[in-house]
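Observations on the model geometry
Single-letter residue listing:
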Amino acid sequence: MSDTLQSLLQRVSTPANLLQEPAPTPEHLVSILQAAVCVPDHAGLRPWRFIVIQGEALKHLGEVYVASTLQTKPDTPAAELDSIREKARRAPMVVAVVAAIKANPKVPVREQILSAGAAAYSILLAANDLGYGSIWLTGRFAEDPYVYKELGLKEGEQIVAFVHLGTPGPGAAITRKKIQNRPKPADYTVEWTGIKQ
């Protein structure tokens, strides 16, 4: 079995609260993002970009989440706001993967979003291959206009993933059990023959 196939078969998500320091090194981050830009990209539109958030910026992101929440739910209890703050700080690094849609008559919007999704998945694969844990999360903040404004998204852009990255901490080994419980492809596959029954 090739190393590439082995890496694909062994990929597993690590819960964000089980990710700890160290985050990917600057050199590893370059490699991870290089993998992300190698995805299929019809017409070479490069319909994605990446916002890396780490260190003190994670605290600021938590405050952005809180401010967004208070805009729609001003009576949110303090304990709930604390929990919302922590959502941004569960892992030592977050990469927001942005679908940067370009107008092109030959490339529909959904194809560009899928390309950005493939970039997010490549980040997961590359991070895992380098020994880091990772998980792809979205949630309401991935669709929130206030969060978009604070992160500097432009018109027509949208977040397809918050990829959380770090080193798997104690308890993360249990996530490896997911590998033994993978679905069977045969349960989700049919062969179309073109012959009507």
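Residues numbered from 1 in each chain as written. Predicted model: local features only at pLDDT ≥ 70, side-chain atom pairs only at ≥ 80, totals over all residues. Heavy atoms only, no water.

**Regarding the overall build of the protein**
Looking only at helices and strands, one finds seven helices and five strands in the protein. In the protein, the order of α-helices and β-strands from amino to carboxyl end is α-β-α-β-α-α-β-α-β-α-β-α. Split into buried and exposed, the 197 residues of the protein put 40% on the buried side. For the protein, long-range pairs separated by at least 24 residues make up 80% of all intrachain contacts whose partners lie at least 6 apart in sequence. Summed over all atoms, the accessible surface of the protein reaches about 11800 Å², with 57% contributed by carbon and sulfur. (Helix = DSSP H or I, 4+ residues; strand = E, 2+ residues; numbered from the N terminus. Buried < 20%, exposed > 50% of the residue type's maximum accessible area, 1.4 Å probe, protein only. Contact = heavy atoms within 4.5 Å. Areas by Shrake-Rupley, 256 points an atom, 1.4 Å probe, with all protein chains shown as cover.)

**Examining the pattern of salt bridges**
Evaluation of the coordinates by the stated rule reveals seven salt bridges. Residue Arg-49 is joined to Glu-157 by a salt bridge in which the shortest nitrogen-to-oxygen separation is 2.9 Å. Of this pair, Arg-49 sits in strand S2 (residues 48-54) while Glu-157 sits in strand S5 (residues 157-168), and the two are 108 residues apart along the sequence. We classify Arg-49 as partly exposed; its relative accessible area is 24%. Glu-150 is paired through a salt bridge with Lys-149; the nearest N and O atoms lie 3.1 Å apart. Overall, the relative accessible area of 38% leaves Glu-150 in the partly exposed class. Under the relative-accessibility criterion, Lys-149 is labelled exposed at 57%. A cluster of three or more residues bridged by salt bridges with shared partners is formed by Glu-63, Asp-82 and Arg-85. (Salt bridge = Lys/Arg side-chain N within 4 Å of Asp/Glu carboxyl O.)

**Regarding the pairing of S5**
With nine of 12 residues buried, S5 is to be regarded as a mostly interior element. Note that strand S1 (residues 19-20) and S5 share two bridges and pair antiparallel. Within S5, the residue paired with Gln-20 across the bridge is Thr-167. Of the pairings in the sheet, the one linking strand S3 (residues 93-100) to S5 comprises eight bridges and is antiparallel in character. Looking at the pairing, Val-97 lines up with Ala-161 of S5. The pairing of strand S4 (residues 133-137) with S5 spans five bridges and is antiparallel. By the bridge assignment, Gly-133 is partnered in S5 with Gly-166. (Pairing = 2+ DSSP bridges.)

**A closer look at the packing of aromatic side chains**
The final tally for this structure, using the stated rule, is three aromatic pairs. With 6.3 Å between their ring centres and 70° between their planes, Tyr-65 and Phe-162 make a pair best called edge-to-face. Remark: Phe-162 occurs in strand S5 and Tyr-65 occurs in helix H3 (residues 56-72); sequence separation between them is 97 residues. Here Tyr-65 matches Phe-162 in class, with each residue buried. An aromatic cluster of at least three residues, connected via ring pairs, comprises Tyr-65, Phe-141 and Phe-162. (Phe/Tyr/Trp six-rings, centres within 6.5 Å; stacked < 30°, edge-to-face > 60°.)

**Quick word on the nonpolar core**
Counting 23 residues, the largest nonpolar core has Val-97, Ile-123, Val-163 and Leu-165 as the members making the most contacts within it. Only helix H2 (26-36), S3, helix H5 (109-129) and S5 provide two or more residues apiece to this core. Counting residues per element, this core draws most heavily on H5, which supplies seven residues. Counting 20 residues, the second-largest nonpolar core is a separate cluster that includes Ile-51, Ile-53, Ala-88 and Leu-153. (Core = buried A, V, L, I, M, F, W, Y, C linked by side-chain atoms within 4.5 Å.)

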